[in-house]
Each structure stands twice: as structure tokens, then as C-alpha cells.
Amino acid sequence: MQDLMTMITTLRRPRMLTRAAKFGAQDYNRDRHLQRILGYGSLPGSGQALLRLIEMEKEVDAQRKDDDAAYSLVRHLDLLIALLGEAQLYQASRAHAFQ
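These lines cover the structure that appears in this document, whether it is placed above or below.

1. Focus: the overall build of the chain
- In terms of regular secondary structure, the chain is built from five helices and zero strands.
- Going from N to C terminus, the chain has its helices and strands arranged as α-α-α-α-α.
- Taking all 99 residues of the chain together, 36% fall into the buried category.
- By sequence separation, contacts in the chain at least 24 residues apart represent 65% of the contacts at least 6 residues apart.
- Taken as a whole, the chain presents about 6,500 Å² of accessible surface, with 52% of it coming from carbon and sulfur.

2. Examining the environment of Ser-93
- Here Ser-93 is to be found in helix α5 (residues 73-97).
- Looking at Ser-93, the relative accessible area reads 39%, which means it is partly exposed.
- Each C-alpha atom, one on Ser-93 and one on Ser-46, is 8.7 Å from the other, the two residues being 47 residues apart in sequence.

3. A closer look at the packing of helix α3 (residues 30-38) against helix α4 (residues 46-65)
- The geometry of α3 relative to α4 is characterised by a closest axis approach of 12 Å and an angle of 45 degrees between their N-to-C directions. Judged by the angle between their axes, α3 and α4 are oblique. At the point where α3 passes α4, the crossing takes the left-handed sense. Between α3 and α4, the residues in contact are Arg-30, Leu-34, Ile-37 and Leu-38 and Ser-46, Ala-49, Arg-52, Leu-53 and Met-56, respectively.

So, how was this worked out
Residues numbered from 1 in each chain as written. Predicted model: local features only at pLDDT ≥ 70, side-chain atom pairs only at ≥ 80, totals over all residues. Heavy atoms only, no water. Helix = DSSP H or I, 4+ residues; strand = E, 2+ residues; numbered from the N terminus. Buried < 20%, exposed > 50% of the residue type's maximum accessible area, 1.4 Å probe, protein only. Contact = heavy atoms within 4.5 Å. Areas by Shrake-Rupley, 256 points an atom, 1.4 Å probe, with all protein chains shown as cover. Axes fitted to C-alpha atoms, helices over the stretch in contact; angles between N-to-C directions. Parallel < 35°, antiparallel > 145°, perpendicular 65-115°, else oblique. Left-handed = near helix turned anticlockwise from the far one by under 90°.

Dropping the structure here:
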């Protein structure tokens, strides 16, 4: 199994969607964004949240590719923003653990 950061860096999505997600991730707020996506309650750690977000994003991307009427660009963008934001937090926590 690939590690989490490899899974994220190997994602291939449309350039416009990726650019918008990177821009949105600059203002990522874990408490506000992640709770809206995963549901309210206690939030999982960054690693666990990343795994859930990756699976959710895969499902939405499959809808996009299939031209599914249920596809929501806003939902897809929210998931990618959260995914990038959590990845940044995950990397920071891993870097801090090795210091």
C-alpha cells in the first residue's frame, strides 16, 4: 500500500479544479471545513481524515468521469480543499515528530 502523501501526489485531476483547490486550501480551517464534510462530532486525526477524504473524493471523481447527474462541482472542490489542507497538517505533524 502506498503511503498517504504518495496517494495524494499521484492524484490526477483537471487543472482548473486543482488550481481552485490549492487556492482554497490556503484558508483551510479544520474545525469548520472538516466537520462540514465528515459530520459533526469528534474529528479524526489527520491521517485517518486523509484516508476518508481520499475515498470520498474518488467516489465524486468517478461521478465526474461518468457524467453522473448527481455530480457536484462544489462538493468535489470542498473535498479537494479539505484533502490538501489535511495533507499540509499531516506533513507538518510528521515533520514536528521527527524534530
